[in-house]
Amino acid sequence: MLTGFRIAEPAKAVPSPPPEISIITDVAPGPVALYGLERLTSMLTSRQITFETLSEPARARGRYLLVAGLSNGRGTAAQWLKAAGRSPARTAEALLLWHTIRQQKPALVISGYDDTGLMYALQETTRHIRLGTNTRMALDSLKDINEKPSIHTRAVSIYTMNRAYWESRFYDEKYWSRYLDELAENRFNSLVVVFGYENGGFLAPCYPYFFNVDGYPGIRMTGLSETEQQRNLMAINRLIAMAHQRGIRFTAGIWDHIYRGGVQGGGIPGNEKAPDHPVPGLVWGVTADNLTAYTKAALAEFIRQIPVDALQFRMHGESGLKKEEEESFWADVFKMIRQVKPDLQIDMRAKELPPIVIRSAVSTGIRFRIATKFWMEQFGLPYHPTRINPDKSYLRHSYGDLLRYPKEYNMAWRLWNGGTNRVLLWGDPDYVRRFMKSVHLYDGDGFEINEPLATKMEAQPHDAVPFELLQPQHRYYDYEFQRYWHLFQVFGQIGYNPNTSSESWDKEFEARFGKMTGPLIEQALHRASGILPRIIASCYPYSYFPMTRGWAEKQRLGDLPTYAKAESSDLCQFADFDDEAGLLLTGEETARIRPAENSQWFAQAARDIQALTNQVKKKGDLVNKELGSTLADLGILSNLALYHARRAPAAVYYCLYQRTRDVSALDSAIAHERLAIDAWRQIVTSASDYYNDNLQMGVSVADLCGHWKDELGKLEDGLQKLQQQRLDADPAAMTAKAPPYKMAPAQPFDALFKVELQTPGEAPAKKSVNIRLNASAPRGIKWIRLFYRAVNQQLEYKHLPMERNGSTGEYQAIIPASDIDPGYDLMYYIELMDKSGRGRIYPDLNKETPYKIIKLIRH
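Here is a short report on the structure shown in this document. Since we're looking at a predicted model, the values are computed, not measured. (Residues numbered from 1 in each chain as written. Predicted model: local features only at pLDDT ≥ 70, side-chain atom pairs only at ≥ 80, totals over all residues. Heavy atoms only, no water.)

## Some remarks on the packing of helix α18 (residues 577–586) against helix α20 (residues 625–660)
- Relative orientation of the contacting elements α18 and α20 amounts to 60°, with a least axis distance of 8 Å. If you check the angle between α18 and α20, you find them oblique. Between α18 and α20 lies a crossing of right-handed hand. Mapping the contact onto sequence places Phe577, Asp578, Glu580, Ala581, Gly582, Leu584 and Leu585 in α18 and Ala648, Ala651, Val652, Cys655, Leu656, Arg659 and Thr660 in α20.
- Tallied by class, the residues present in the contact of α18 with α20 amount to nine nonpolar, two polar and three charged. (Axes fitted to C-alpha atoms, helices over the stretch in contact; angles between N-to-C directions. Helix = DSSP H or I, 4+ residues; strand = E, 2+ residues; numbered from the N terminus. Parallel < 35°, antiparallel > 145°, perpendicular 65-115°, else oblique. Left-handed = near helix turned anticlockwise from the far one by under 90°. Contact = heavy atoms within 4.5 Å. Nonpolar A, V, L, I, M, F, W, Y, C, P; charged D, E, K, R; others polar.)

Laid out in structure tokens, this is it:
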């Protein structure tokens, strides 16, 4: 309950010194605005700043006036804004801050179009006061702001993979208060709690965790009493109430509908036979015969007893449903939802979502959207991949063929950052700005990211004690999520407004690390945060696709022969190691980024971070525990970049050996692998004694537990195998001489090509499209090729040569109308090659989305 804020007229009987600040509010602020006001007044109290609260400005005695209220209300804020002809945008969550002079005093109008927008404006004011050394100066330096959200849903998701870890948080109201404060301050407006995801049967389904259903006495969570159920029901409803107080909507992710083992087991020891007999802590009694009827009854009760704002369903076989059950199951569930709560938002997970189920949702008339993966189950680059690996279902990876017209649903995009960035610090504003452009594809309705430490305790016994992330001597926080404040900042604040100024976090870095050291740490973290997405996109073995199998932060990604087989997860943008070997042998050309260039990118990132952290170590307060652990993370990331910089040539040489049997290539592969292992040793040194020796983040047999030093031992074992392979190699088996592999410095796009695109962003749907550009290169243009397809990942790209127009000098290619499907928008990219054999793709992925989309005009 919010108790700290009260509106009261100042006492008349006893004169008192005027307060520093008068806070003038609407007469009856809503609950979300009250939360924002309490945050503000609590901050003023903690800073020993005197203030009064009242609803009329005439009696204000403070030296500075803060006028807070809705722009469309009847309070002072609305009156002043109307008189000045000012207003926030007429849209939910819009906010406004405006400086003026009233009653010969400086005044700041803090307003919003609705309660949440007003709360955001109050939070912005509170943040400036917190980070300022002088309240008056902090308020004066707060710029006038008029902002509105760039996208409807900005969500953080939480898993419940391990019962002990989940319940250590679930019942802790203080924890949720701090956690939700973090989300609200950074303008996240949605919290998703996922029940059932490779949990070994825990919460599969979730309903008996909260209540029993009349008519189904045999369905229970084994060993759970009615008293415990009531506690769980009260806890979830309290969590939702706390979220709503902060303007945060609550989504329940119901990902398991029946437990049938298999992939649902999640590798948890002892749960292999759980579907066959009752197991303590797991649901018993749901069968094929009662599955649909029970789900309808239980879900209806769930909606009645728990005030969720949305439901998110996993739709396919990994939810426990058999393929032959899916159509009828979902048709019945949709009808029930339509009857019980027709306006309830439903998010349908896209993976293996049958078209007939989409048709059922449309025909039933439920309010739904489709939520899909942004870049498989990992933290890729900030654009939808140009071309995904076709080895798996297209809807397993991304959007497949879902972006069709006429449009019948919205899309929401889920970044599975938790599969990659599990424990290390992350924050890159430029990444998020580009990501935000990408989530507007198909007029995207929202985005969702995983919380930090998303898979903590996954695949561990449900009664296991959760591990502590950092060793005791290095902890500086109350809760582990507080380490990741900058990740919350950039995704939340830039998610709300992509033009958010860096001032929002510049001062935070200075406050935490010092005026001299803070900017250096900020630069280093921003640079380091590009490393993991680059690994995922360019040199990540595709078998590590799932969150429950891959972890680029900690895994060596296999012995060298496995690593050398890695394909990029954007097949159009990056040449893989074996591609490079083939190009070296044949002398052919490619405009894709080659491993040598990618290696240079990683090496430069490592140098940049090392240079910045060296300056910090000379200037910084190394007793600061947060600084120490931050430097440890930066050391791990910089040396991880160095590891991949050095392993890339090892992989190329190994592929050359496989193609030619030239033992000199194997010798070179071994030499570079030694250098890569040296970089991994530096990772272990950087991690030092900061982290727990057993980071239990998933299945241990998939190397999702343990520590970086464990991977070092496996790398050394792999090196011994390579050396044995060299001893066993027969030089006489050589079929060709391996060519030399040169690591030439990477050239930026602008040093090789100048391009000016002349093509509009829209075109009529049933007509040919002329793609035109001006292009030049210092060494001359050899060729330019256009690649195009519908925005449908099931299709391959077609390509055309771009011919130069003798009179205008432009290069052009005409996409024939017969190749344009009006059911989808059109996308294209351009490959350029100069006369020295150096190629690039336009647009440049280092700066922007590496393709263009033409929106078709269909009417």
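Moving on from the coordinates now.
## Some points on helix α1 (residues 31–46)
- Here α1 is 16 residues long and its end C-alpha atoms lie 22 Å apart, about the 22 Å a rise of 1.5 Å per residue gives.
- Buried within α1 are the following residues: Val32, Ala33, Tyr35, Gly36, Leu37, Glu38, Leu40, Thr41, Met43 and Leu44.
- Where α1 is buried, its residues touch β1 (21–25), β2 (51–54), β3 (64–70), α3 (115–131), α6 (173–185) and α7 (226–245).
- Phi turns positive one or two residues past the end of α1, at glutamine 48, with a value near 60°. (Expected span 1.5 Å × (residues − 1). Buried < 20%, exposed > 50% of the residue type's maximum accessible area, 1.4 Å probe, protein only.)

## Notes on unusual backbone geometry
- Looking along the chain, the bond that leaves alanine 204 and enters proline 205 is cis, with omega of 0°.
- When you line up the elements, proline 205 lands in the loop between β8 (190–195) and β9 (220–221).
- Residue proline 843 is reached from tyrosine 842 by a cis peptide bond, and omega for that bond is 0°.
- Among the structural elements, proline 843 can be located in the loop between β25 (839–842) and β26 (852–857).
- Here glutamine 48, not a glycine, exhibits a phi torsion of approximately 60°, which is positive.

## Details of the sheet that holds strand β6 (residues 145–147)
- As summarised here, the arrangement of the six strands in space is β2-β1-β3-β5-β4-β6, forming an open sheet in which the pairing is mixed. The open sheet has two edge strands, β2 and β6, and neither has a second partner. Along the sheet, successive strands turn relative to each other by an average axial angle of 20°, direction set aside.
- Strand direction decides the pairing type here: β3 and strand β5 (residues 105–112), joined by six bridges, are parallel. By the bridge assignment, leucine 65 is partnered in β5 with alanine 107.
- Relative to β3, helix α2 (residues 76–84) is tilted by about 95°, and along the sheet it contacts β1, β3, β4 (95–102) and β5. (Pairing = 2+ DSSP bridges.)

## A short note on the packing of aromatic side chains
- Per the counting criterion, the structure on display carries 59 aromatic pairs.
- The ring of tryptophan 80 is capped by arginine 102, whose NZ or CZ atom sits 4.6 Å from the centre of that ring.
- One cation-aromatic arrangement involves arginine 231 over tyrosine 171; the distance from NZ or CZ to the ring centre is 3.5 Å. (Phe/Tyr/Trp six-rings, centres within 6.5 Å; stacked < 30°, edge-to-face > 60°. Lys NZ or Arg CZ within 6 Å of the ring centre and 35° of its normal.)

## Brief notes about the pattern of salt bridges
- Summed over all chains, the structure comprises 62 salt bridges.
- For arginine 592, the salt bridge goes to aspartate 579, with nearest N and O atoms at 3.3 Å. Taken together, the residues arginine 592 in the loop between α18 and α19 (595–619) and aspartate 579 in helix α18 connect sequence positions 13 residues apart.
- On the accessibility criterion, aspartate 579 (26% relative accessible area) is partly exposed.
- Between arginine 858 and aspartate 825 there is a salt bridge, with the nearest N and O atoms lying 3.0 Å from each other. Separated by 33 residues along the polypeptide, arginine 858 in the segment after β26 and aspartate 825 in the loop between β23 (811–815) and β24 (826–834) bring together distant segments of the chain.
- Judged by its relative accessible area of 31%, arginine 858 falls in the partly exposed class.
- Put simply, Arg39, Arg130, Asp181, Glu185, Arg246, Glu508, Arg512 and Glu626 are held in one network by salt bridges that share partners. (Salt bridge = Lys/Arg side-chain N within 4 Å of Asp/Glu carboxyl O.)

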